[in-house]
Amino acid sequence: MSGAQIMEKFVQIEKVGQTFDTKKGKFVALRDIDLTIRQGEFIALIGHSGCGKSTLLNLIAGLSLPTTGVLLLEDREIAGPGPERGVVFQNHSLLPWLTCFENVYLAVERVFGAREGKQKLKERTAAAINLVGLDHASAKYPHEISGGMKQRVGIARALAMEPKVLLMDEPLSNLDAKLRLEMRSEIRRIVKECGLTGIYVTHDREEALSMGDRLASGRHQGPPGAP
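Just so it is clear, the model here is predicted, and its values are computed rather than measured. (Residues numbered from 1 in each chain as written. Predicted model: local features only at pLDDT ≥ 70, side-chain atom pairs only at ≥ 80, totals over all residues. Heavy atoms only, no water.)

Chemist: I would appreciate a short explanation of the packing of helix 2 (residues 100–112) against helix 4 (residues 147–159) in the present structure.
Modeler: Between two packed helices, what matters for the description is the angle formed by their axes and the separation of those axes. Running from N to C, helix 2 and helix 4 cross one another at 25°; their axes reach a closest spacing of 8 Å. If you check the angle between helix 2 and helix 4, you find them roughly parallel. Crossing angle aside, the handedness with which helix 2 passes helix 4 is right-handed. Between helix 2 and helix 4, the contacting residues are C100, N103, V104 and A107 on the first element and V153, A156 and R157 on the second. Considering only residue class, the contact of helix 2 with helix 4 consists of 5 nonpolar, 1 polar and 1 charged. (Axes fitted to C-alpha atoms, helices over the stretch in contact; angles between N-to-C directions. Helix = DSSP H or I, 4+ residues; strand = E, 2+ residues; numbered from the N terminus. Parallel < 35°, antiparallel > 145°, perpendicular 65-115°, else oblique. Left-handed = near helix turned anticlockwise from the far one by under 90°. Contact = heavy atoms within 4.5 Å. Nonpolar A, V, L, I, M, F, W, Y, C, P; charged D, E, K, R; others polar.)

Pasting the structure below:
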């Protein structure tokens, strides 16, 4: 992005609300959310469980649609999932019967397979694996590597699609404290090195402060009538 004009309103969230129907009635997960994210910015969404952080992330990812309001990316409405938004979940969700390389290749093939040959797809896959420092483990299966390495594969899979926005939903919460510290700086390095816009969900204030250029906090909405 160094030579290109940076969009000040890259991601726009305008008056977004999300309500779910439950056995106990309607549950308001989000209400009147407004947030503007600058291109290349790393935002940390912080708050306690149930405040709607993951719900908002899913809306930006296009995995669900808002009850009210609108979400825009580059002035276009987000109406579903797209390769311009890579997602890294708390659970790495790797396919156990595929190697690390094959797990990443699957995502690359889905995005670029219709217009690129196998050699180019393999090069893309190898580049993503190299970016997260897992060249030595590319031929291993998920059960043969550590939790931290699995999460790196998940990040590589998202990066391999060449997204403009990297969405991360508490990706380090299942790791031990030492590994979390190492991965924080690694994720931030990758996001900045690739010129991505990053949105990172966490309930850990220290983690949010160490990673985000800016923090956005939420509070628990609760059921109708709750304080």
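Chemist: Would you mind showing me how to read the side chain of D169 here?
Modeler: With respect to the element layout, D169 can be found in strand 7 (residues 165–169). Although D169 lies buried, it forms no salt bridge, and the closest oppositely charged side chain, K53, sits 6.8 Å away as judged by the N-O distance. At 3.0 Å, the side chain of D169 and the side chain of S54 are in polar contact. Among all residues touching D169, those that are not within four sequence positions of it are S54, L57, V88, F89, Q90 and V201. (Buried < 20%, exposed > 50% of the residue type's maximum accessible area, 1.4 Å probe, protein only. Lys, Arg positive; Asp, Glu negative; His and termini not counted. Salt bridge = Lys/Arg side-chain N within 4 Å of Asp/Glu carboxyl O. Polar contact = N/O pair within 3.5 Å; in protein donor to acceptor, adjacent residues only side chain to side chain.)

Chemist: It is not clear to me how the state of the cysteines should be interpreted in this structure. Could you clarify?
Modeler: Chemically, a disulfide is nothing more than a covalent bond linking the sulfur atoms of two cysteines. Scanning all chains against the criterion turns up 0 disulfides. Among the cysteines around C100, which has no disulfide bond, C194 carries the closest sulfur, lying 19 Å off. Taking the relative accessible area as the measure of exposure, C100 reaches 4% and is therefore buried. Take C194: its relative accessible area is 34%, and that puts it in the partly exposed class. (Disulfide = S-S within 2.5 Å.)

Chemist: What is the right way to look at unusual backbone geometry in this model?
Modeler: Leaving glycine aside, a negative phi is the common case for residues, and trans is the common case for peptide bonds. Not every positive phi belongs to a glycine, and E74 is a case in point at roughly 55°. With respect to the helices and strands, the residue E74 is situated in the loop between strand 4 (68–73) and strand 5 (76–77). Phi is positive for D75, which is not a glycine, with a value near 65°.

Chemist: Which parts of the structure should I look at to understand the environment of V70?
Modeler: Considering the arrangement of structural elements, one finds V70 in strand 4. A C-alpha to C-alpha distance of 9.7 Å links V70 and L59, two positions 11 residues apart in sequence.

Chemist: Can you help me understand the nonpolar core in this one?
Modeler: As a rule of thumb, soluble globular proteins bury nonpolar side chains together. Core analysis: the largest hydrophobic core is formed by 37 residues, its most contacted members being V104, L159, L166, M168 and I187. Taken together, the elements giving at least two residues each to this core come down to helix 2, helix 3 (118–131), helix 4, strand 7 and helix 5 (177–193). Looking at which element gives the most residues to this core, the answer is helix 2, with 7 residues. In this view, V104 contacts T125, A128, I129, V153, A156, R157 and A160; residues no more than four positions away in its chain are not counted. Counting 22 residues, the second-largest nonpolar core is a separate cluster that includes F10, I13, I60 and V201. (Core = buried A, V, L, I, M, F, W, Y, C linked by side-chain atoms within 4.5 Å.)

Chemist: Looking at this structure, I do not really get the environment of K192. What am I missing?
Modeler: In this structure, K192 sits in helix 5. Looking at K192, the relative accessible area reads 37%, which means it is partly exposed. It is 8.8 Å that separates the C-alpha atoms of K192 and E41, two residues lying 151 residues apart in sequence. Those residues in contact with K192 that lie beyond four places of it in its chain are G40, F42 and D213. In terms of polar contacts, K192 uses its side chain to reach the backbone carbonyl oxygen of G40, at 3.2 Å.

Chemist: Explain the confidence of the model for the protein to me, please; I cannot follow it from the model alone.
Modeler: For any part of a model where pLDDT is low, the fine detail of the predicted coordinates should not be relied upon. Chain-level pLDDT for the protein is 87 on average; 94% of the residues reach the 70-or-more range. Every residue in residues 220–227 is under pLDDT 50, and counting partners more than four places away or in other chains gives 13 contacts. (pLDDT = per-residue confidence, 0-100.)

Chemist: Quick question: what am I supposed to make of the sheet that holds strand 6 (residues 85–88) here?
Modeler: Each strand in a sheet pairs with another by means of backbone hydrogen bonds, the pair being arranged parallel or else antiparallel. With respect to topology, 5 strands assemble into an open sheet ordered 6-7-8-3-9, the strand pairing being parallel. A strand with exactly one partner marks an edge of an open sheet, and here the two such strands are strand 6 and strand 9 (214–217). Strand after strand, the sheet turns through a mean of 20° between neighbouring axes, direction not considered. Of the strand pairs in this sheet, strand 7 and strand 8 (residues 197–202) are connected by 5 bridges, and their pairing is parallel. Across the sheet, residue V165 finds its bridge partner in strand 8, namely T197. Across the sheet, helix 5 lies against strand 3 (42–46), strand 7 and strand 8, angled at about 140° from strand 3, the strand it touches most. (Pairing = 2+ DSSP bridges.)

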